[in-house]
Amino acid sequence: MKQNLINYLHRKRGTIAKWSSDHLIELFVFNIFLMLLIMLHSAGYFQPYLPLTLNLIFFVSLVFAIVFLDCRSKTIFFIAMLFWIFAMILRIANLEIWAERTAIYTYEAICVGVLLLFLERTPILS
Amino acid sequence: MKKLKLLFSRYWRSVILIALSLTPILWFFGRGNIVIDGVDTNFPLNPVAWFLRRLYVWNSINNGGSDFSASTAGLFFHLIQVGGFYIFHNLQQVEMFSLIFWFAILVFSSYLLARQLFSKSFLAQLTFVVFYCFNIYIFNTWENVKVANLSLLGAIPLGLLALILFQNKARLSTFLGLSLAASIILSGAGINPAYFICFFLILFLYMLSQVILKRDCLTLFLLLKGLLALSIIILLVNSYWILPTAKSLLFSTKNIHNIQDIGFTNWLDSLSEHTSLLNILRLQGAWDWYAVDQATGMPLYIPYANNYFNKSTFLLFSFGVMMLVLVGLAIKRRRILACFWGILLIVGVFFGAGSHPPTGTFYNFLGKHIPFFSFFRSPWYIFTPLLTLAIAGSLGMLVETILTRVSALKEYVPSLIEILTPRVLSLITKRNLSVLVILFVIANLVYAYPLLTGRIFRPGRYDSFFVKFPSYIFDAQKWLASSPNVHPKRIIGYPDDQIENYTWGYRGVDSILSLLTDAEVLYSPLNEPNAPLPLIIKDFYQLLQKGNSAASSNIAKSLDISLILDKGDQSSLAQQLPPVIKTLPNTQFGAWNFYSYDASETAKIYSPREVYSVNSEEGQESIFLGFLGNRAISINASDNFLKKKNDLSSAISPFIFTNNSQKEDSQNFLSISQRLKQSIDFRNLAAGEYTFSIKNQGLYEPSLERYALESYGIDPASIDATFDGVKTVFVRSRDDDSYVTFNPIYLTQGQHVININLKNPNLIPNGNFESLPEFKQDSDGTYQIAKVGDNQYLSIINRSGHDVSAKFHIAPIDQHTNYLIQLRYKSLWGENPRLSVYQSNKATPLKVLDEQLPKYPDWSTYSIYFDPIRTDSYFDILLKAPPKNDELGTTVFYDDLSVQRVFSNQLFLRSIEKPVKPLSVPIIYFDKKSPVLYQGTVDKAYGSHIIAFSENYSPDWKMEITFPDGTKYQAKDHFTANSFANAWIVSGMPIRYNFKIWYDPQKYFNWGAGVSLLTVLGLLGFMAVDIKRRKV
C-alpha cells in the first residue's frame, strides 16, 4: 500500500504541476490579494466602518478561490473538513477559544460550500 | 417458533422501529412506582382536569388567572394523557403511554420521510431515524417533556413528506392524510408560537432549495401550491388556538411588539453565552450544560455533561458526526437533497447561535428591526431542529450513497482505488460497509446514553425528575374534589418559596396544587413576581410571618382565600406559620395542613361599601387591602378612568400613602449598583419622616403600621410628633395587631411633613468604643482601643498574610426590616479596609455582603443598607484589615460602628369625609360556570354600586346585565380595582337583576374550534370518499 501511495503521489505531482502552470496568473493575483488584505488588516484600515477581521479575510479568500482558482464545492467542503479536524485537535487539547475560532472558519467554508452547491447548477459556474 | 421466525423475517424493520419507540420503558425500568415530574415537566396528577383547562382561553387556577390562549394548543397533547388515563388509571402507566406515543410519533414520522428520501436502503433510513430521534439536542426536549418541541419534531417529517408527495403528484388523499396528521401533531407547537413558525421555515427552505436548483416555473408553481395547501390545512386545523392567540398578541390593547410586553424575561444573551459555532455544530448549546459549581467545577444541573466535555471518545464522536455530514454534502450525489440539508445546516447554526458572536450581530439586528422577532428568545432550543434534520438527512444520504453504490466509490474517491491494495479493496463490500453503518448507528445510541437510559432525568440527585408522590397528596386531592362546593374559593400555599422543593423529591415552579386539583391557588410566582397580584401575595406572606393576623385576614377576604395550605414537607428557609393561624380549623393529610378562614366573609364577586382613590406605588396595595379588606376597593389616582364622567367620581374618597424617608432611602440605595457616592453620606435614623401631598382638604384619619412600634420607643397610645414643624400628639382611637389608627386631623391642600421621634438603638453595644465592646479577634492581628483627646476608637494592625478582623455578633435579627450599618474609619496604611456582613442561620451561611472601603487617610463615614434574607438568622459584622505584602502590613482605625433597623412602618391617611353620593351595597349571588363565565343575581341594589370581580384585570372581561323584562345591557364603566382586579360601576339598574361576567376572547376559541372540527371532519370525509372511489 505504501508503494501504491508513493506511486499515486508521483502521478499526482504531474497533475498538480500542470494545474499550477495553467493557473499561474490567478495564483499570483490570489496571493497578492491575500497579502494585501492581511497588510490592511494589520494596519487597521477601514476601521471602525468595516473592520477587516481575519474572519472576513478568510471568507473573502474562499470567494477569491472560487473566482481565480476554480474551486468547487468539493474542495470547499474539504477545506471545511480540514478546519473541523483542526478544531477537534484544539478542543481535545482543551484550547477551547482557539477551537471556537477555528470552528468559525469551518462554518464560513460550509456556507460557501453550500452556496456553491447551488451555483454549480447555474450558468454562472456550470 | 418457526412462525415467529417467519414473522420476524417479514417484519424485522417494524420490530426495530417499535423497539426504538419503546425507549421510554427503559426510563421507568427498575425504578419502582415513580412518575417523571417536576420543574418544567408538568405531568398532571389529574389529567382530565388539565385537559379540560385547555378548553378555555383563561386559566383561573394560578394567581388570579391569566390569558391562556396559547396554552389551548396543548389540547391534543393532553388528550393523549386523558386517553391513557381512561385505559390505565395508574399515573405511571398513563405517563409511560403518553411518552411512548410521542416517541413513536418521532420514530415513525421520521421513518416515513426517510423511506421516501432513501428508498433504496433500510440502513440509510435507520440512520436517519436514529440520528433524528437520538441526539443531544433532544435530551432537553425529553427532560422537560416539552410539548412544543415534541410537536415540532414530530410534525417536521410529516410536513416535508406531504410536500414531497405533492410535488411528486401522489394521491390527493395521501397528501391530505399526511397534512392532517402533521397539523394535529404540530398543534402543540402553538404553546410557543416561535416553534410553530420554525416548522414553516423548514418547509420554505425546502421549497427554496428546490426552486433554485430546478429553476423552472412548474416546480415553483407546484411547490407553492403544495405549500399553500398544506399551510391552509395546518392553519385551519389549528384555528382553535391560532385565533385566540393572534387576538391576544396582535390585537391586544397592551400594544405588544416584543417579548417583554407579555411579561416574559428576554434571556437571549444569557442563553446565548455558550452557543459558539463550535458547540452548536456539535449540538451542545444548552445553557444548563455549562452551569458549574465554582468551588468544585462539577456541573450544577447536568451530571453527564462532563463526559461530553472531557472524555476523548465523546469528543471524537461529536466531531466525527459533523465530519461525516460534510463528507455527505461533498459527495453531492443527490445535489438537490444535499442543497436542502446544507441550507438547513447553515440557517440552523446561524439562528441557533442566537446573539453569540460572530453571527450574533445579525441576530440582534433582526431582533431590533423585525417586530415579534424577540419571541425567539431561546434560539438554540427553537432552531436546532433544522440542524438535527440536516445532520440526520446528510448522514442518511451518505449511507445510502455508499451502500447502494459500493462500486461508485471509484467514482467518488478514485484515489482510494489507486492507493489501496487489492486485498484491502476486497474488504470494501456492501456487507462490510453495512456492518460499519450498524456500528455507527449503535455508537450513536451509546453516545446518546442519557436518553436511552433515562439519565436525562438525573436519577439519584436532589433535582431528579423521578418522583414518588406520597399517598397523602392524593388523599388531599380526593378531599378537595369531593367537596367542590365547600372549597370553591382560593387556596394559598405556605411556605412562600418561588420554587417548591419537597423533601420527597418533587420540585416545581408552580404550585403543586395546580397539578392536582382544579382549585384556584395563590403562591409566590417565579415568573412576573412584580406583577400587581404577586406583590400583594408577597406582602400577605410577610404579614403572616409578622403575625399581623388582622391585616392578613383582610387581604384573604379581598383575594377570596378560604384555605391556607401549610406544606410541612416543603424544604424552606421560611419561618413556621404563626400560632394564630394554627388555631384556625384544620384538616390534615400527612404533612399537609389546610387551615380554614371563615369562608362566609369572602367572595370572588362582591360589592364594596367604599371606594378610594389611592396614590399608591408598587407594593403598597397590600396595606390598603390589609386595612380595609373587601369592604372597600381602591382605584389608582392616576387611572384614566377617573377622568371619565361617571358615578364613581361622586362616590370616591382619597386614601393617601405617605413617603417614609427611611424606607425610601434604603430602597433607593439597594437598587443602585455603583453606590460609593451614597455610601459616604452619614445617615440619621433617629426620626421617621413622612411626607405627603393633599389635593382635597378635609378630615383625615392617620394610621400607622403596628409592627414592632415599641422596639423603636413608640407608644402606640399616643405618639409625640411634629406636624409641618409644629409639635403635636397623635392619640390612638383604635388598633389591632396590624395597624394603629389615630384621631382624625384636618389637612389643607398642599405638601405636609410628619416627623416621629424614634429610639432606634444601636444593635452593637459600645460601638463607639468609649468602653470595650464585645467582639471576636483573630490571633494574628493587633487590636487596640486607642485614644485621641476624649475620643476612643479601635485600631487594627495586620502584619500577617491573611485577613484580620474584629467580628461583632448580632443575634437574633428582625428579618422583616432592612438594616443600616454605619461606621467611621481611617485607613492609615496598607490595603483598603473592608466591611463584611455575614447573615447565617445554624445550618448554613445565607447572604454575604463584602464592601471595600475607599482608601482615605483621614476620618471618614461609610454607611450601607443590608436587606437580609427573610428567615430566622443572625449577623456577623466584620471590620477587616486586609493583608499587605510588606513589613508594615495594614493599619486601620474604626470608630462609631452602628447597626440599626430601618424604620419602615408605613403611615397612611384615609379621608373620613362622607362622599357626595355614597354607594349602595347590594347582595350578590353568583355561580362560576367555567373559568370564562360567571353568572349571578344582584339583589337590593338601591342606587349606584360597584361589582368587584377579584380576578386579574383584563379589558376583555365583560359584564352584561339582564333586566327583569329580558332586555340586556353591557356594562361599560370597567376599571382596575385594587391594582389587579376588575370592577364595574353600575347605575340606574333595577333593584334586582341578573348579570353575566365573561372573558370575551373565548369566542375566538369557540369559532376556531368549530373551524378546526369542520376541517378535520371534511378532510376525513374526503379521504374516505377518495379511498372508497378507488376501491370501486
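Since we're looking at a predicted model, the values are computed, not measured. (Residues numbered from 1 in each chain as written. Chains lettered and ligands numbered in written order. Predicted model: local features only at pLDDT ≥ 70, side-chain atom pairs only at ≥ 80, totals over all residues. Heavy atoms only, no water.)

## A short note on the nonpolar core
All names here are of chain B. Rule in force here: Only buried Ala, Val, Leu, Ile, Met, Phe, Trp, Tyr and Cys residues count toward a nonpolar core, and they belong to the same one when joined by side-chain atoms within 4.5 Å. For each residue, the accessible area found with a 1.4 Å probe, counting protein chains only, is set against the maximum for its type, and the residue is called buried under 20%, exposed over 50%, and partly exposed in between. The numbering of helices and of strands both runs from the N terminus, where a helix is a DSSP run of H or I of at least 4 residues and a strand a run of E of at least 2. When checking whether two residues touch, look at their non-hydrogen atoms; a contact exists if any pair is within 4.5 Å.
If you look at the biggest cluster of nonpolar residues, it comprises 221 residues, and the most contacted ones within it are Trp142, Trp289, Trp341, Leu345, Leu389 and Ile997. By residue number, the principal contributor to this core is helix α19 (residues 379-404), which donates 16 residues. When residues no more than four places from it in sequence are discounted, the contact partners of tryptophan 341 are Leu117, Phe118, Phe128, Leu329, Leu389, Ala390, Gly393, Ser394 and Met397.

## Focus: helix α4 (residues 73-92) of chain A
Convention followed: In this scheme, a helix's expected span is set at 1.5 Å multiplied by one less than its residue total.
In a regular helix each residue adds 1.5 Å, so 20 residues correspond to 28 Å; α4(A) covers 28 Å between its end C-alpha atoms and thus fits that length. When we look at burial in α4(A), the residues that qualify are Ser73(A), Ile76(A), Phe77(A), Ile79(A), Ala80(A), Met81(A), Trp84(A), Ala87(A), Met88(A), Leu90(A) and Arg91(A). Tucked inside the fold, the buried residues of α4(A) contact α3 (54-69) and α5 (96-119) of chain A together with α14 (277-281), α15 (305-310) and α16 (312-331) of chain B. Directly beyond the C-terminal end of α4(A), a positive phi value near 65° is found at Asn94(A).

## What about the sheet that holds strand β11 (residues 592-596) of chain B?
All names here are of chain B. We apply this condition: Paired strands, in this sense, are two strands between which DSSP finds at least two bridges. Each axis is a line fitted through C-alpha atoms, and for a helix only the stretch in contact is used; angles between axes span 0 to 180 degrees, taken between their N-to-C directions.
The 5 strands lie next to each other as β8-β5-β9-β11-β10, forming an open sheet whose pairing is mixed. What marks the edges here is a single partner per strand, and that holds for β8 (520-522) and β10 (586-589). Adjacent strand axes in the sheet meet at a mean angle of 25°, parallel and antiparallel pairs treated alike. The pairing of β10 with β11 spans 4 bridges and is antiparallel. Each residue of the ladder has a partner; that of asparagine 586, found in β11, is tyrosine 595. Most of the contacts of helix α25 (residues 471-482) go to β11, to which it runs at about 30°, and overall it touches β5 (490-494), β9 (561-567), β10 and β11. Strands β5, β8 and β9 of the sheet are contacted by helix α27 (residues 532-546), whose axis makes an angle of about 60° with β5.

## Comments concerning the packing of helix α4 (residues 75-88) of chain B against helix α5 (residues 91-117) of chain B
Packed helices, taken two at a time, are described by the angle their axes make and the gap between the axes. Residues and elements named next belong to chain B. Note the following rule: Angles below 35 degrees are treated as roughly parallel, those above 145 as roughly antiparallel, those between 65 and 115 as roughly perpendicular, and all remaining angles as oblique. By convention, the crossing between two helices is left-handed when the near helix turns anticlockwise from the far helix through less than a right angle, and right-handed when the turn is clockwise.
For the pair α4 and α5, interaxial distance at closest approach is 8 Å and the crossing angle is 135°. Taken together, α4 and α5 sit at an angle that is classed as oblique. The crossing of α4 and α5 is right-handed. Mapping the contact onto sequence places Phe76, Phe77, Ile80, Gln81, Gly83, Gly84, Phe85, Ile87 and Phe88 in α4 and Leu91, Gln93, Val94, Phe97, Ser98, Phe101 and Trp102 in α5.

## Focus: the sheet that holds strand β42 (residues 993-999) of chain B
Residues and elements named next belong to chain B. Sheet architecture is open: 5 strands sit in the order β35-β36-β42-β38-β39, paired in antiparallel fashion. Of all strands in the sheet, those bounded by a partner on one side alone are β35 (923-930) and β39 (968-971). The mean angle between the axes of side-by-side strands here comes to 20°, regardless of whether they run parallel or antiparallel. Sheet topology places strand β38 (residues 957-962) next to β39; 4 bridges connect them, and they run antiparallel. Bridge pairing links methionine 959 to alanine 971 in β39.

## Brief notes about the pattern of salt bridges
All names here are of chain B. Condition: By definition, a salt bridge exists where a carboxyl oxygen of Asp or Glu is found within 4 Å of a side-chain nitrogen of Lys or Arg.
The full count for this structure, using the stated rule, is 38 salt bridges over all chains. The salt bridge involving arginine 458 is made with glutamate 143; its shortest N-O contact spans 3.0 Å. Of the two residues, arginine 458 sits in the loop between α24 (449-453) and β4 (466-467) while glutamate 143 sits in helix α7 (residues 136-143), which places them 315 residues apart along the sequence. Linking lysine 567 and glutamate 500 is a salt bridge whose minimum nitrogen-to-oxygen distance equals 3.0 Å. Pair noted here: lysine 567 is in strand β9 and glutamate 500 is in strand β6 (residues 500-501), with a separation of 67 residues, a long-range link. Of the two residues, lysine 567 and glutamate 500, both sit in the buried class. Here the salt bridges share partners, and the residues they tie into one network are Arg490, Glu520, Lys604, Lys928 and Glu951.

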